[in-house]
Amino acid sequence: MALTRRNLVFASAATALAQTSANNRVQVGVIGCGARSQQLMRALMANPGTAITAISDAYRGRVIRTQENWGAAAKEYRDYREVLARKDVDAVVIATPDHWHHRMCLDAIAAGKDIYCEKPLTFRASEGKEIAAAAAKAGRILQVGSQGCSGVLQERAREIVQSGKIGKVTLIRAAYNRNSASGAWLYPIPPDATPETVDWPRFLGNAPKQSYSNDRFFRWRCYNDYSGGIATDLFVHLCTTIQFVMNSDGPSKAVAMGELYRWKENRDVYDTINGLLEYPEGFAANLSSTFNNESMTAGSFQFLGTEGTLVLNSGSLQVLAESSREDNRWIVESWPRAMEKAYYEDPKIRQSELAEARAARMVPGSETYVADGPESTVAHFANWLKGIRTRQGHWENAQVGHRAAACAHMLNQSAREERVIKWDRHRNDIAG
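Residues numbered from 1 in each chain as written. Predicted model: local features only at pLDDT ≥ 70, side-chain atom pairs only at ≥ 80, totals over all residues. Heavy atoms only, no water.

> How should the packing of aromatic side chains be read in this particular structure?
The description of two aromatic rings rests on the distance between their centres and on the angle between their planes. Taken as a whole and assessed by the stated rule, the structure comprises 17 aromatic pairs. Centroid distance Tyr116 to Phe381: 4.1 Å. Interplanar angle 15 degrees. Geometry classified as stacked. Of the two residues, Tyr116 is situated in strand S5 (residues 114-118) and Phe381 in helix H14 (residues 376-390); the sequence distance between them amounts to 265 residues. An identical accessibility class is assigned to Tyr116 and Phe381; each is buried. Where Trp185 meets Phe291, the ring centres are 4.9 Å apart and the plane angle is 90 degrees; that geometry is what we call edge-to-face. Here Trp185 is found in the loop between strand S7 (169-175) and helix H8 (200-204), whereas its partner Phe291 is found in the loop between strand S10 (283-290) and strand S11 (300-305), with 106 residues between them in sequence. The same class applies to Trp185 as to Phe291, namely buried. (Phe/Tyr/Trp six-rings, centres within 6.5 Å; stacked < 30°, edge-to-face > 60°. Helix = DSSP H or I, 4+ residues; strand = E, 2+ residues; numbered from the N terminus. Buried < 20%, exposed > 50% of the residue type's maximum accessible area, 1.4 Å probe, protein only.)

What follows is the structure in structure tokens.
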């Protein structure tokens, strides 16, 4: 029923958008038009009352494909600041390499634009509090693109956990694995990619200077100069979900180990990483990811509670009730017989520990859901557009995106420095 209700809410929101589209169309500029951005644009345009009117990318081929998809009305600009300068652009989607997010978000806020920034929000943890403060001061809607929290399954998971149905959650296991060259970001490179079709200086920005490289441009997630690797690409999704479901602001401590085991050419980020996060609310999260096995893909979670387990995958949610009982017979049977007899003569002990002394029971609470309705990225854009129109932003705002990205930065720093990394809540930044 909860899933059906959520779909009805989405349908109502979509109807409201359609009714206002004639005089309240949201005109969007897209900065960065790569593969993920193409998916984002399709999800954005699945919502009524939207138009893509300005685009910018450092590779000409992506601009061509965007205009093939959405027409010449999506006007090309070489410099993203020209997109921001357009008075008729209401909001922007930022889908560039990570090292550009901070500068582009601040520039977009200064230009009076609302923002959808693809995760991770930041390249360094310290950037997040600056972005969040600037967005709050300017009254801009900034939503980060970990779309799962707009999906019906994660919403239902949050309801279940917050209701206490599975008891107190003290441990969460989460994984996101892949086992292919493409999954390890070794994407095909367009055959026309040259310094003539790629604006290399514009891609580099403030990153360390390098000679032109197709690998670095088209496979930028493989390099620490532009990306935080697995942690900022995949763990950010896991941490966003954990913090959404658990209603947490973020962890207080992090420790991790990472290594490059298999995909060793043309990269300097890990292909396997394991991390542990400790949260002040009284639970821990174990995160793992490898590019060498796909047994747990696309975000797999186990929320382990004292009364049950919630298992969350990309397409399903399952709640499994606990049926644990005390059974001290193997201990008591080592006592003298008289002591054992006296122990089990206590009616409360007999009822709680001896199966034969109590009535049979069914353990309530096991249930299974599968996702239905719009794909979560479509729903995430619906929430963003609703926020633009109502000026009431979605849960995944700049501060939330900051803390999710900060998890990744803490884990990367721990793996590099081989030590526990702590969070300073007063500074809203990594301690030290």
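> Could you clarify how one ought to interpret the sheet that holds strand S9 (residues 272-279) in this entry?
Remark on secondary structure: sheet strands pair via backbone hydrogen bonds, oriented parallel or antiparallel. Spatially, the 10 strands line up as an open sheet ordered S14-S13-S12-S11-S7-S10-S9-S8-S15-S16, and their pairing is mixed. The sheet terminates laterally at strand S14 (367-370) and strand S16 (429-430), the two strands that pair on one side only. Relative to strand S15 (residues 421-424), strand S8 (residues 253-259) runs antiparallel, the two sharing two bridges. Paired with Ala254 across the strands is Ile421, a residue of S15. Across the face of the sheet, helix H10 (residues 229-245) comes into contact with S7, S9, S10, S11 and strand S12 (308-312) while running at roughly 150 degrees to S10. (Pairing = 2+ DSSP bridges. Contact = heavy atoms within 4.5 Å. Axes fitted to C-alpha atoms, helices over the stretch in contact; angles between N-to-C directions.)

> Before we go on, may I ask you to explain a nonpolar patch on the surface in this structure?
Nonpolar side chains collect at one region of the surface, where Trp330, Ile331, Trp335 and Met339 lie side by side and expose about 470 Å² of accessible area between them. Mapped onto the secondary structure, Trp335 falls in the loop between helix H11 (329-332) and helix H12 (337-344). Here Trp335 falls in the partly exposed class, since its relative accessible area comes to 35%. (Patch = residues over 30% accessible without salt bridge, like charges linked within 9 Å, V, L, I, M, F, W, Y side chains within 5 Å. Areas by Shrake-Rupley, 256 points an atom, 1.4 Å probe, with all protein chains shown as cover. Salt bridge = Lys/Arg side-chain N within 4 Å of Asp/Glu carboxyl O.)

> What am I meant to see in the pattern of salt bridges here?
In a structure, side chains of opposite charge can pair up when their charged atoms sit close to one another. Evaluation of the coordinates by the stated rule reveals 27 salt bridges. Note that Arg391 is salt-bridged to Asp114, the shortest N-O span being 2.7 Å. Taken together, the residues span a long stretch of sequence, with Arg391 in the loop between H14 and helix H15 (398-417) and Asp114 in strand S5 at a distance of 277 residues.

> Just checking my understanding: could you explain H10 for this structure?
Because an α-helix packs 3.6 residues into every turn, residues spaced three or four apart end up facing the same way. Taking 1.5 Å of rise per residue, the 17 residues of H10 would be expected to cover 24 Å, and the 24 Å separating its terminal C-alpha atoms lies within 8% of that figure. Phe235 marks where H10 bends most, by close to 45 degrees. Extensive coverage of H10 is indicated by the burial of 17 of its 17 residues. The first or second residue beyond H10 is Asn247, which carries a positive phi of 55 degrees. (Expected span 1.5 Å × (residues − 1). Bend = angle between axes of the 7 residues up to and from the residue.)

> Please clarify how the layout of surface pockets should be interpreted in this entry.
Roughly 510 Å³ of internal volume is contained in the second largest pocket. Looking at the second largest pocket, it is lined by 26 residues, and the ones nearest its centre are Phe123, Asn224, Ser227, His409 and Arg416. For the lining of the second largest pocket, the secondary-structure elements that each account for two or more residues are helix H6 (125-138), H10, H15 and S16. Across the lining of the second largest pocket, the residue classes tally to 10 nonpolar, 11 polar and five charged. (1 Å grid on protein atoms, 1.4 Å probe; cavity = no way out; pocket = protein on both sides within 12 Å on 5 of 7 lines; lining within 4 Å. Points joined across faces, edges and corners; volume = space filled by probe spheres on them. Nonpolar A, V, L, I, M, F, W, Y, C, P; charged D, E, K, R; others polar.)

> Please clarify how the side chain of Asp98 should be interpreted in this entry.
Relative to the assigned elements, Asp98 resides in the loop between strand S4 (91-94) and helix H5 (101-110). Buried within the structure, Asp98 lacks any salt-bridge partner; Arg221 is the closest side chain of opposite charge, at an N-O distance of 5.8 Å. Setting aside chain neighbours within four positions, we find Asp98 in contact with Pro120, Phe123, Trp220, Tyr226, Ser227, Gly228 and Thr232. (Lys, Arg positive; Asp, Glu negative; His and termini not counted.)

> What exactly am I supposed to notice about H5 here?
Here H5 lies mainly inside the structure; eight of its 10 residues are buried. Within H5, the full set of buried residues consists of His101, His102, Met104, Cys105, Leu106, Asp107, Ala108 and Ile109. Those residues of H5 hidden inside the fold are in contact with strand S1 (26-31), helix H4 (80-85), S4, S5, H6 and strand S6 (142-145). Looking one or two residues beyond H5, the residue adopting positive phi is Gly112, at roughly 80 degrees.

> Sorry if this is basic, but what is going on with the side chain of Arg216 here?
Residue placement: Arg216 occurs in helix H9 (residues 214-218). Owing to a relative accessible area of 14%, Arg216 belongs among the buried residues under this scheme. Here Asp225 takes part through its side chain, which lies 3.2 Å from a polar atom of the side chain of Arg216. Contact partners of Arg216, with chain neighbours within four places excluded, come to Trp200, Phe203, Gln210, Tyr223, Asp225 and Tyr226. (Polar contact = N/O pair within 3.5 Å; in protein donor to acceptor, adjacent residues only side chain to side chain.)

> How should the sheet that holds S6 be read in this particular structure?
Sheet architecture is open: six strands sit in the order S3-S2-S1-S4-S5-S6, paired in parallel fashion. Looking along the sheet, the strands with just one partner apiece sit at the ends: strand S3 (75-76) and S6. Relative to strand S2 (residues 50-56), S1 runs parallel, the two sharing six bridges. By the bridge assignment for S2, Val26 is matched with Thr50. Running over the sheet, H5 touches S1, S4, S5 and S6 and is turned about 170 degrees from S5.

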